[in-house]
Amino acid sequence: PEGCVADDRRGRLFIGEEKGGVWTLDAAAEAAPELSLVAGVGGLLQDDIEGLAFFQHDQHPYLIVSSQGNDSYVVFDGEPPFTLRGGFRIGVNAAQAIDGASETDGLEVTSANLGGLWSDGLLVVQDGRRRMPASNQNFKLVSWRDVAAALHLDTPAAAP
């Protein structure tokens with residue numbers, strides 16, 4: 001496994017297998033350790049599967065996966081049957097001299113209202129290659145509102 005994330009509210013663990021896909025299992029102490037495939041590599045999800053993050057929301061949780069093979073991020077519903085909601089990339093913002101994100105190993109997301117641009121949540125991704133200007137890796141901050149709009153997802157404010 002390359003990465004994992006727990007959904008503490010629902011008692012579920014998600015595991016990213018670098019060349020295989022994303023797996024899940026019941027995290028209860030008394031549960032049998034049986035893996036179920038959420039999604040295998042192919043289509044939007046390209047190896048290496050790297051970081052995983054979980055957007056925690058009562059009505060609309062989401063699993064976000066770093067698809068390093070195509071420098072993108074793939075979003076699934078956070079509950080069975082873990083429906084694929086879509087993928088996206090973090091591109092260049094030339095006006096602000098910010099390069100896109102690539103070779104992401106790790107990411108994290110919160111659904112907490114952090115105010116302003118982050119009132120619907122925040123996605124933070126590690127950028128393995130900083131190109132503008134060329135230097136060491138850095139991190140990109142993305143408003144969850146932008147992710148939700150691009151993929152037509154429900155946001156905390158939009159949920160009933």
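Everything numeric in this text was worked out from a predicted model, so none of it was measured.

Draft legend 1. Highlighting the nonpolar core. One finds Ile64, Phe88, Leu123, Trp144, Val147 and Leu153 to be the most contacted residues of the largest nonpolar core, which totals 19 residues. Counting only elements with at least two residues in this core, the list comes to strand E5 (49-55), strand E6 (62-67), strand E7 (72-77), strand E9 (107-110), strand E10 (122-127) and helix H1 (144-151). Among the elements that make up this core, the one with the highest residue count is H1 (four residues). What phenylalanine 88 contacts, discounting residues up to four positions off in sequence, is Ser72, Tyr73, Val75, Leu123, Val147 and Leu151. Val5, Ala39, Leu52 and Phe82 belong to the second largest nonpolar core, which has 14 residues in total.

Draft legend 2. Spatial organisation of the side chain of glutamine 126. Turning to its location among the elements, glutamine 126 is positioned in strand E10. Not counting residues within four places of it along the chain, the set of residues in contact with glutamine 126 comprises Ser102, Glu103, Thr104, Asp105, Gly106, Gln137, Asn138 and Phe139.

Draft legend 3. Quick peek at the sheet that holds E6. Strand order in the open sheet formed by four strands is E5-E6-E7-E8, with antiparallel pairing between adjacent strands. In this open sheet, the two edge strands, each paired with only one partner strand, are E5 and strand E8 (84-88). Between one strand and the next, the sheet's axes are offset by a mean angle of 20 degrees, whatever the strand orientation. Here E5 runs beside E6; their pairing, made up of five bridges, is antiparallel. Along E6, the bridge assignment pairs alanine 53 with isoleucine 64. Running at roughly 115 degrees to E8, H1 makes contact with E5, E6, E7 and E8 of the sheet.

Draft legend 4. Local environment of the side chain of threonine 24. Relative to the assigned elements, threonine 24 resides in strand E3 (residues 21-26). Reaching out from threonine 24, the side chain makes a polar contact with the side chain of arginine 12 at a distance of 3.2 Å. Among the polar contacts made by the side chain of threonine 24, one reaches the main-chain carbonyl oxygen of leucine 13 at a distance of 3.0 Å. For threonine 24, the contacting residues outside a window of four places in its chain are Arg12, Leu13, Phe14, Glu34, Leu35, Ser36, Val38 and Phe82.

Draft legend 5. Examining the pattern of salt bridges more closely. Within the structure shown, the criterion is met by eight salt bridges. In this structure, arginine 145 and aspartate 120 form a salt bridge, with 3.0 Å as the shortest nitrogen-oxygen distance. Within this pair, whereas arginine 145 is found in helix H1, its partner aspartate 120 is found in the loop between E9 and E10, the two being separated by 25 residues in sequence. Where salt bridges share partners, they join Asp7, Arg10 and Glu79 into one cluster.

Draft legend 6. Molecular detail of H1. Residues of H1 that are buried include every one of Trp144, Val147, Ala148 and Leu151, and no others. Buried positions in H1, seen along its axis, are confined to an arc of 95 degrees and lie on one side of it. Along H1, the residues that are exposed and aim more than 90 degrees away from the buried face are Asp146 and Ala149. For H1, the N-terminal capping position is held by serine 143, with its side-chain oxygen 3.1 Å away from the main-chain nitrogen of arginine 145. Positive phi shows up at histidine 152, right after H1, with a value of about 60 degrees.

Reading guide: rules and limits
Residues numbered from 1 in each chain as written. Predicted model: local features only at pLDDT ≥ 70, side-chain atom pairs only at ≥ 80, totals over all residues. Heavy atoms only, no water. Core = buried A, V, L, I, M, F, W, Y, C linked by side-chain atoms within 4.5 Å. Buried < 20%, exposed > 50% of the residue type's maximum accessible area, 1.4 Å probe, protein only. Helix = DSSP H or I, 4+ residues; strand = E, 2+ residues; numbered from the N terminus. Contact = heavy atoms within 4.5 Å. Pairing = 2+ DSSP bridges. Axes fitted to C-alpha atoms, helices over the stretch in contact; angles between N-to-C directions. Polar contact = N/O pair within 3.5 Å; in protein donor to acceptor, adjacent residues only side chain to side chain. Salt bridge = Lys/Arg side-chain N within 4 Å of Asp/Glu carboxyl O. Arc of directions from axis to C-beta.

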